[in-house]
Amino acid sequence: MPKMKSNRAAGKRFRPTANGFKRAQSHRRHILTKKPSKRKRQLRAPSMVSKQDLGRLDQLLPFAK
């Protein structure tokens, strides 16, 4: 049986916490001049991965928990 490997792309995008996985918000990379400051400020805060996607993340990052 081969070694289990973590998905490196997912490992760079998600951080495990006690209650799930933390992720960054999207729409914060480019075309920022037309977006209001309030929207850009709110996109700074990290959010949690939804519970529907946790099973997929457990497959991608088997050693995270």
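Residues numbered from 1 in each chain as written. Predicted model: local features only at pLDDT ≥ 70, side-chain atom pairs only at ≥ 80, totals over all residues. Heavy atoms only, no water.

1. Description of the pairing of strand E1 (residues 14-17)
Then, number 1: Looking at chain direction, E1 and strand E2 (residues 20-23) are connected through four bridges and run antiparallel. Within E2, the residue paired with Phe-14 across the bridge is Arg-23.
Then, number 2: Between E1 and E2, which pair antiparallel and follow one another directly, the connecting turn spans two residues. (Pairing = 2+ DSSP bridges. Helix = DSSP H or I, 4+ residues; strand = E, 2+ residues; numbered from the N terminus.)

2. Structural notes on the pattern of salt bridges
Then, number 1: Scanning the model with the defined rule gives one salt bridge in all.
Then, number 2: Of the charged contacts in the structure, one is a salt bridge between Arg-56 and Asp-53, with a shortest N-O distance of 3.8 Å.
Then, number 3: For Asp-53, a relative accessible area of 32% translates into the label partly exposed. (Salt bridge = Lys/Arg side-chain N within 4 Å of Asp/Glu carboxyl O. Buried < 20%, exposed > 50% of the residue type's maximum accessible area, 1.4 Å probe, protein only.)

3. A short note on the confidence of the model for the chain
Then, number 1: On average, residues of the chain score 96 in pLDDT, and 100% of them are at 70 or above.
Then, number 2: Per-element confidence in the chain is highest for helix H2 (residues 37-44), whose mean pLDDT is 98, and lowest for helix H3 (residues 54-60), whose mean pLDDT is 95. (pLDDT = per-residue confidence, 0-100.)

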